[in-house]
Amino acid sequence: GQNIDQPTEMTATEGAIVQINCTYQTSGFNGLFWYQQHAGEAPTFLSYNVLDGLEEKGRFSSFLSRSKGYSYLLLKELQMKDSASYLCAVRDNRQGNLIFGKGTKLSVKP
Amino acid sequence: DSGVTQTPKHLITATGQRVTLRCSPRSGDLSVYWYQQSLDQGLQFLIQYYNGEERAKGNILERFSAQQFPDLHSELNLSSLELGDSALYFCASSVAPSGTGDYGYTFGSGTRLTVV
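Quick notes on the rules
- Residues numbered from 1 in each chain as written.
- Chains lettered and ligands numbered in written order.
- Predicted model: local features only at pLDDT ≥ 70, side-chain atom pairs only at ≥ 80, totals over all residues.
- Heavy atoms only, no water.
- Helix = DSSP H or I, 4+ residues; strand = E, 2+ residues; numbered from the N terminus.
- Rg over C-alpha atoms; globule rule 2.2 N^0.38 Å.
- Buried < 20%, exposed > 50% of the residue type's maximum accessible area, 1.4 Å probe, protein only.
- Contact = heavy atoms within 4.5 Å.
- Areas by Shrake-Rupley, 256 points an atom, 1.4 Å probe, with all protein chains shown as cover.
- Lys, Arg positive; Asp, Glu negative; His and termini not counted.
- Charge placed at Lys NZ, Arg CZ, Asp CG, Glu CD.
- Disulfide = S-S within 2.5 Å.
- 1 Å grid on protein atoms, 1.4 Å probe; cavity = no way out; pocket = protein on both sides within 12 Å on 5 of 7 lines; lining within 4 Å.
- Points joined across faces, edges and corners; volume = space filled by probe spheres on them.
- Nonpolar A, V, L, I, M, F, W, Y, C, P; charged D, E, K, R; others polar.
- Pairing = 2+ DSSP bridges.

Time to look at the overall build of chain B. If you tally the helices and strands in chain B, you get 0 helices and 11 strands. Counted from the first residue to the last, chain B has its helices and strands arranged as β-β-β-β-β-β-β-β-β-β-β. Its C-alpha radius of gyration of 13 Å places chain B within 12% of the 13 Å reference for a compact globule of 116 residues. The burial tally for chain B puts 50% of its 116 residues in the buried class. When contacts within chain B are restricted to residue pairs at least 6 apart in sequence, long-range pairs at least 24 apart make up 57% of them. With the model as given, the accessible surface of chain B reaches about 5400 Å², and the carbon-plus-sulfur share is 48%. Counting 8 positive and 11 negative side-chain charges, chain B places the averaged centre of each group 3 Å from the other.

This is the structure in structure tokens:
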């Protein structure tokens, strides 16, 4: 089975950098995803990692260590609009569907 | 607009009733996934269809059922509704059936179901 852990809530200041961690346990790894979800809205795709290392996309970067079962999402130059939940998900190796963590609610303060 | 269309956006119904939620996937996507999101839980995978066939099943209750039609739209049927079924129900779609590649999902805007 799959188990995904991420902090429930985080707070950061506008303009700062924040790192959201995700640890996972899976019977067979087949990719890790990060999604952003504003309250009451649909999740939107942010990043995908399947190999170890850092993937950078503008202000957002995602890192993966398969041997440690660990990923993080790094958000730079935080803006108020970044206040949202950030969902870590792994692909179920057997069925292929995404299994989501409960999400980390990020509050960005002025 | 993500290209995934869900109707209705809001639904209020009484316990014991039955409802149908509808999803039209993004053009070209053959896979449809249904997820339930309640306040204290993350996105819980319910079921997946690929090109009309059931592909994967998650923690879907026996009171719930789904299907995908030849035009690829999908319906999620929820029956004998209970207060605990109140949640956001999301549909997502993707090109690939499963397993390989950088195939993230595209989510619809969801149906908020309230059971009273």
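Here the narrative resumes, following the displayed structure.
Once that is clear, we can look at the state of the cysteines. All names here are of chain A. All told, the structure shown has 2 disulfides over all chains when counted by the stated rule. Between Cys 22 and Cys 88 runs a disulfide, and the two sulfur atoms are separated by 2.0 Å. Note on the Cys 22 and Cys 88 pair: the S-S dihedral is about -70°, so by sign convention the disulfide is left-handed. Placement of Cys 22 in strand 3 (residues 18-25) and of Cys 88 in strand 9 (residues 84-91) is noted, with a sequence separation of 66 residues between them. Accessibility assignment for this pair places Cys 22 and Cys 88 in one class, buried.

By volume, the largest pocket is sized at about 1200 Å³. Counting residues per element, the ones that place at least two in the lining of the largest pocket are strand 1 (3-5), strand 9, strand 10 (98-100) and strand 11 (104-109) of chain A together with strand 4 (31-37), strand 5 (43-50), strand 9 (87-94) and strand 11 (111-115) of chain B. Per-class residue counts for the lining of the largest pocket are 15 nonpolar, 26 polar and 9 charged. As for the second largest pocket, its lining consists of 13 residues, and the residues nearest its centre are Phe 45 of chain A together with Arg 26, Tyr 105, Thr 106 and Phe 107 of chain B. The set of elements that each furnish at least two residues to the lining of the second largest pocket consists of strand 5 (44-49) of chain A together with strand 10 (106-107) of chain B. Across the lining of the second largest pocket, the residue classes break down as 7 nonpolar, 5 polar and 1 charged.

Bringing the pairing of strand 9 of chain A into the picture now. All names here are of chain A. Among the 8 residues of strand 9, 7 are classified as buried, and the element is accordingly described as predominantly covered. One ladder, built from 6 bridges, connects strand 4 (residues 32-37) with strand 9; its direction is antiparallel. What sits directly across from Gln 36, in strand 9, is Tyr 86. Note that strand 9 and strand 11 share 3 bridges and pair antiparallel. Counterpart to Tyr 86 in the pairing with strand 11 is Thr 104. Bridge count for strand 9 against strand 10 is 3 bridges, and the pairing is antiparallel. From the neighbouring strand, Ala 89 faces strand 10, where its bridge partner is Phe 100. Between strand 9 and the antiparallel strand that follows it, strand 10, lie 6 residues; Gly 96 among them carries a positive phi value of about 90°.

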